[in-house]
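Below, each chain spelled out in residue letters.
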Amino acid sequence: MDPRFVYDSFVQLLAGVPLTLELTAFAFALGLLLAVLIALMQISGLRILRIPAGAYVFAIRGTPLLVQIFLIYYGLGQFRPTLQSLGLWQFFREAYWCGILALSLNSAAYGSEVLRGGLQSVSKREIEAGRACGMSGLLLYRRIILPLALRQSLPAYGNELILMVKATSLVSIITMMEVTGIAARLISETYRPVEVFIAAGTIYLIINFLLTRAVSMLDWWLTPHLRGMSTIGKAEQAK
Amino acid sequence: MIEGAAMQPVISLRNLRKSFGALEVLKGISLDAHKGDVIAILGSSGSGKSTMLRCINMLEIPTAGEVVVTGESVKLKKQGDGLAIADRRQIDGIRARAAMVFQSFNLWSHMTILENLVEAPIHVQRRPRAECIAEAMALLEKVGIADKRDAYPAHLSGGQQQRAAIARALAMHPQVMLFDEPTSALDPERVGEVLAVMRALANEGRTMLLVTHEIAFARDVATRVVFLHEGLIEEDGPADEVFRNPKSERFRKFISNTQHR
Ligand SMILES: Nc1ncnc2c1ncn2[C@@H]1O[C@H](COP(=O)(O)OP(=O)(O)O)[C@@H](O)[C@H]1O
Ligand SMILES: [Mg+2]
């Protein structure tokens, strides 16, 4: 193994970092919106909402992300006339948007389970206090239920972000030149996979290290009410 | 007109019934609370005290009967063999006028004490923010925890949390306050500070309905006592009178039992 070549690869792979981060950010944000929606459907107690949401989560979690990416990238072409009439074709003929769609749909399924746990952990008493003060519907969700649920979900959802960074590597397969895509090109030019993949792995490691730190800082900043409490205290509080 | 309004009860329950499935918890309760009344609601555990209180602000929907709050009859519609809320917005308004204080405080854990106080005034009643904050500070001063304004509920003692919860209720300018065993979750040495706040409110002439096991406090502060037994009012009268000369044998037993404990 040639350290010099690892370093050169590392520098070349850095060109893919912006796209990796962009895919992560876009898909994560879209996935989060969708995850809130699905989690709310799951806990709505209405069969017509709960059953489709449950089926969605089951289907996405039960199939590989790679298969989902292929299905969206190649499969949507079959619906070209429909998509054209909806004006969506210019989106779905691009690998970029197909990748983001697949990643967000995937993240939404896993994320909704995390959020569902968070929503179910919100204390019935705090909700009742909201009702007793004249809050209902959207206001109650916006001011009481979602802030408590999101804070509760944050550490687990941070994990979702790490998984997303790694998952973006899969869209290299549909021609995206993010870190792994560039790595694959370098390998095909040099036939030195070990050095290139060591460099690529290092880049993912650095990104995820920084993101993990950012998430725990956000958690610290958002939960002053739990600070200085033992883990048992936190569990009590969550009831 | 004005005289008529003054005479009108703040709360009027008319033949109120409530069942949970097959279990009938309230079996026809009628009760008027007038301005300035401090009504202590006594009764053994399971007699329906909480349910009665929760039917007033519709945290429980009655199965039958009528609830009138500040002259406004709560609009309910028939649904199945019970009733359901007919006008969501009316209920939200009534809840702000009949503020509730819970046994376990139920402060919002992600908000500071000050944020807990201004939450409903700002977001439900849509009053100006600066005014709400100034008023909340005065209320915290009044209940003796002004120094805790920026603390979170979990960092306060039970007695302090309950005083904050009382201040939160007051911040909505309620016409009547509903207390459901406000001192039952407290350490004995913390009960006094909460009772002192409630006594001050009673002395101001606030209308209060108070479920409690503090017989001495009820005897001392309440203007009227209502004793519930198995979902019916068994004894009802001016506080000094019912304690001196109880009409029902059960209530006589109830007070002698609780006093000897
Ligand atoms: N949500 C509920 N579902 C079923 N039963 C209930 C519910 N709330 C209260 N009950 C029952 O109603 C009865 C009266 O309860 P409650 O009003 O809390 O009594 P109290 O406050 O006087 O102790 C009890 O038997 C209780 O188990
Ligand atoms: Mg009770």
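Residues numbered from 1 in each chain as written. Chains lettered and ligands numbered in written order. Predicted model: local features only at pLDDT ≥ 70, side-chain atom pairs only at ≥ 80, totals over all residues. Heavy atoms only, no water.

With that settled, consider the overall build of chain A. For chain A, the helix and strand inventory stands at twelve helices and zero strands. Starting at the N terminus, the α and β elements of chain A follow one another as α-α-α-α-α-α-α-α-α-α-α-α. C-alpha extents for chain A along the principal axes are approximately 70 × 50 × 25 Å. Relative to its 239 residues, chain A shows a buried fraction of 42%. Accessible surface, chain A: about 12800 Å² in total, of which carbon and sulfur atoms supply 68%. Separation between the mean location of the 20 positive side-chain charges and that of the 13 negative ones in chain A comes to 11 Å. (Helix = DSSP H or I, 4+ residues; strand = E, 2+ residues; numbered from the N terminus. Buried < 20%, exposed > 50% of the residue type's maximum accessible area, 1.4 Å probe, protein only. Areas by Shrake-Rupley, 256 points an atom, 1.4 Å probe, with all protein chains shown as cover. Lys, Arg positive; Asp, Glu negative; His and termini not counted. Charge placed at Lys NZ, Arg CZ, Asp CG, Glu CD.)

A general feature of soluble globular proteins is that nonpolar side chains tend to end up buried together. Counting residues in hydrophobic clusters, the biggest one holds 109 residues, and the most contacted among them are Leu42 and Ile166 of chain B. At eight residues, helix α9 (residues 137-167) of chain A tops the list of elements feeding residues into this core. When residues no more than four places from it in sequence are discounted, the contact partners of Leu42 of chain B are Lys49, Thr212, Ile215, Ala218, Val225, Val226, Phe227, Leu228, Phe243, Phe251 and Phe254 of chain B. Core analysis: the second largest hydrophobic core is formed by 21 residues, Ala27, Ile72, Met164 and Ile174 of chain A among them. (Core = buried A, V, L, I, M, F, W, Y, C linked by side-chain atoms within 4.5 Å. Contact = heavy atoms within 4.5 Å.)

Turning to the site of ligand 1, a few remarks are in order. Residues and elements named next belong to chain B. Lining the immediate surroundings of ligand 1 are Phe20, Leu23, Val25, Ser44, Ser45, Gly46, Ser47, Gly48, Lys49, Ser50 and Thr51. Within the backbone of Gly46, one N or O atom sits 2.7 Å away from an oxygen atom of ligand 1. The contact in question runs from an oxygen atom of ligand 1 to an N or O atom on the side chain of Ser50, over 2.7 Å. For ligand 1, whose accessible area on its own is 560 Å², the fraction buried by protein is 59%. Going through the elements one at a time, β2 (23-33) and α2 (49-56) are the ones with two or more residues in the shell around ligand 1. Tallying contributions element by element places α2 first for the shell around ligand 1, with three residues. Class assignment of the residues belonging to the shell around ligand 1 gives a composition of three nonpolar, seven polar and one charged. (Near = heavy atom within 4 Å. Polar contact = N/O pair within 3.5 Å; in protein donor to acceptor, adjacent residues only side chain to side chain. Nonpolar A, V, L, I, M, F, W, Y, C, P; charged D, E, K, R; others polar.)

A word on the sheet that holds strand β1 (residues 11-20) of chain B. Residue and element names in this part refer to chain B. The four strands lie next to each other as β2-β1-β4-β5, forming an open sheet whose pairing is antiparallel. At either end of the open sheet lies a strand with only one pairing partner, and these are β2 and β5 (72-73). The pairing of strand β4 (residues 64-69) with β5 spans two bridges and is antiparallel. The partner of Val68 across the bridge, within β5, is Ser73. (Pairing = 2+ DSSP bridges.)

Residue and element names in this part refer to chain B. Within strand β10 (residues 207-211), five of the five residues are buried, which leaves it mostly tucked inside the rest of the structure. Relative to β10, strand β3 (residues 38-42) runs parallel, the two being bridged by four bridges. Within β10, the residue paired with Val38 across the bridge is Met208. Pairing of strand β9 (residues 176-180) with β10, which is carried by five bridges, proceeds in the parallel orientation. Of the residues in β10, the one forming a bridge with Leu178 is Leu209.

To continue, consider the domain arrangement of chain A. All names here are of chain A. Here chain A is described as being made up of domain 1 (1-16 + 177-239) and domain 2 (21-171). If you average the C-alpha positions of domain 1 and of domain 2, the two centres end up 23 Å apart. Across the contact, 15 residues belong to domain 1 and 16 residues belong to domain 2. Around 1300 Å² of area is buried between domain 1 and domain 2 when both sides are counted, 69% of it from carbon and sulfur atoms. Between the two partners, domain 1 and domain 2, sit one residue pair in polar contact (both at pLDDT 80 or more). No other element matches the nine residues that helix α11 (residues 193-222) contributes to the side of domain 1 that touches domain 2. (Domains from an automatic or database assignment. Buried area = accessible area lost by both parts, 1.4 Å probe.)

Now for the side chain of Arg224 of chain B. All names here are of chain B. Along the chain, Arg224 turns up in strand β11 (residues 224-229). For Arg224, the side chain forms a polar contact with the side chain of Asp236, separated by 2.9 Å. Each residue touching Arg224, except ones within four places of it in the same chain, is listed here: Leu31, Asp32, Asp37, Val38, Ile39, Ala40, Asp236, Gly237, Pro238 and Ala239.

Moving on, we come to the interface of chain B and chain A. On the chain A side, the residues contacting the 24 residues of chain B number 23 residues. With both sides pooled, the region where chain B packs onto chain A buries about 2200 Å², and carbon together with sulfur makes up 59% of that total. On the chain B side of the interface with chain A, the three residues burying the most area are Trp108, Ser109 and His110 of chain B, jointly 27% of the side's total. Applying the counting criterion to the chain B and chain A interface returns two salt bridges. (Salt bridge = Lys/Arg side-chain N within 4 Å of Asp/Glu carboxyl O.)

Residue and element names in this part refer to chain A. By the definition in use, this model includes 25 salt bridges over all chains. Salt-bridge contacts for Glu189 lead to Arg185; the nearest nitrogen and oxygen are separated by 3.4 Å. Within this pair, Glu189 and its partner Arg185 are both found in helix α10 (residues 179-190), separated by four residues, close to a single helical turn. For Arg185, a relative accessible area of 38% gives the class partly exposed.

This paragraph deals with α2 of chain B. All names here are of chain B. Extensive coverage of α2 is indicated by the burial of seven of its eight residues. Among the residues making up α2, those that are buried are Lys49, Thr51, Met52, Leu53, Arg54, Cys55 and Ile56. Phi turns positive one or two residues past the end of α2, at Met58, with a value near 65°.

Our focus in this paragraph is the packing of aromatic side chains. Residue and element names in this part refer to chain B. Counted by the stated rule, this structure contains ten aromatic pairs over all chains. Relative to Phe254, the ring of Phe251 has its centre 6.5 Å away and its plane inclined at 15°; by these criteria the two rings are stacked. Note that Phe251 and Phe254 are positioned in helix α10 (residues 249-260) at a spacing of three residues, about one turn of the helix. For Phe254, a relative accessible area of 12% puts it in the buried group. (Phe/Tyr/Trp six-rings, centres within 6.5 Å; stacked < 30°, edge-to-face > 60°.)

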